Amino acid sequence: MNAIGILYKIPISKMNNTPMSRKAKDNNINIRIDRFFKFIIKKEKLNPEKLTEDEQNQFYSLLEKLELNYTEELLKLFTKENIEKLKIIIYALKELFTSNKKQLVTKVKREELIFLYDTCKDKQLEYENTSKEINNFFEYYYISLIRKLEKAT
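Anyway, here's the lowdown on the structure attached to this text. (Residues numbered from 1 in each chain as written. Predicted model: local features only at pLDDT ≥ 70, side-chain atom pairs only at ≥ 80, totals over all residues. Heavy atoms only, no water.)

Counting through the fold element by element, S144 comes out in helix α7 (residues 137-151). Taking the C-alpha atoms as reference points, S144 and Y117, separated by 27 residues in sequence, lie 9.1 Å from one another. When sequence neighbours within four positions are dropped, the list of residues in contact with S144 reads L116 and C120. (Helix = DSSP H or I, 4+ residues; strand = E, 2+ residues; numbered from the N terminus. Contact = heavy atoms within 4.5 Å.)

Pasting the structure below:
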């Protein structure tokens, strides 16, 4: 074996010990967001986030209060971008609702959710191809939401 082969030996790892790449994590969160969105909108029996029946009812009430309880028929009129916005907002609410920061849900306002989403999207575009580039938009939005709600305390 030559010197280059020794210096650049390619590690062989077992399937279970391989760390998940950033892209795979992003795909994983996107899949979870899509599944939860279908569960909420289509009211499917398969509960991807394992919410109890009481939690489901509380969450549906929250969506109704925030006027985010759209039907499949109504969503057919939405643009792809607005559906994506709704998915991210609903999943962020679910994460907040099931976290130890659940009390912040009471402070949420529909207009603020949408305004914050748009602001985060603007920042994503602004930071694109820079050292501040946003790699995971959901995480960025969710953390921004928590910070905003905690400031309002």
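A separate point is the pattern of salt bridges. Applying the stated criterion across every chain, the model contains six salt bridges. For K87, the salt bridge identified is with D34, shortest N-O distance 2.8 Å. Of this pair, K87 sits in helix α5 (residues 80-97) while D34 sits in helix α2 (residues 22-42), and the two are 53 residues apart along the sequence. When its relative accessible area of 27% is taken as the criterion, D34 is described as partly exposed. K101 is the partner of E150 in a salt bridge, and the nearest nitrogen-oxygen pair spans 2.9 Å. Of this pair, E150 sits in helix α7 while K101 is found in the loop between α5 and α6 (110-127), placing the two residues 49 residues apart along the sequence. (Salt bridge = Lys/Arg side-chain N within 4 Å of Asp/Glu carboxyl O. Buried < 20%, exposed > 50% of the residue type's maximum accessible area, 1.4 Å probe, protein only.)

On to α6, then. Between its terminal C-alpha atoms α6 stretches 26 Å, which fits the 26 Å expected from 18 residues at 1.5 Å a residue. Here α6 has its buried residues at L113, L116, Y117, C120 and Y127. Summarising the axial view, the buried residues of α6 lie within an arc of 105°, below the 170-degree limit, and thus occupy one face. Away from its buried face by more than 90 degrees, α6 exposes E111, F115, D122 and L125. Residues of α6 that are buried sit in contact with α5 and α7. Remark: N129 follows α6 within two positions and exhibits a positive phi of approximately 60°. (Expected span 1.5 Å × (residues − 1). Arc of directions from axis to C-beta.)

Let's shift gears to the packing of aromatic side chains. Summed over the entire model, instances satisfying the criterion amount to 10 aromatic pairs. A ring pair is formed by F36 and F39, whose centres lie 6.0 Å apart and whose planes are at 40°; its orientation type is tilted. In this pair, F36 and F39 both sit in helix α2, three residues apart, roughly one turn of the helix. Taken individually, F36 and F39 each receive the classification buried, so the pair is uniform in this respect. Centroid distance Y117 to Y141: 5.8 Å. Interplanar angle 65°. Geometry classified as edge-to-face. With a gap of 24 residues between them, Y117 in helix α6 and Y141 in helix α7 connect regions that are remote in the sequence. Owing to a relative accessible area of 0%, Y141 belongs among the buried residues under this scheme. (Phe/Tyr/Trp six-rings, centres within 6.5 Å; stacked < 30°, edge-to-face > 60°.)

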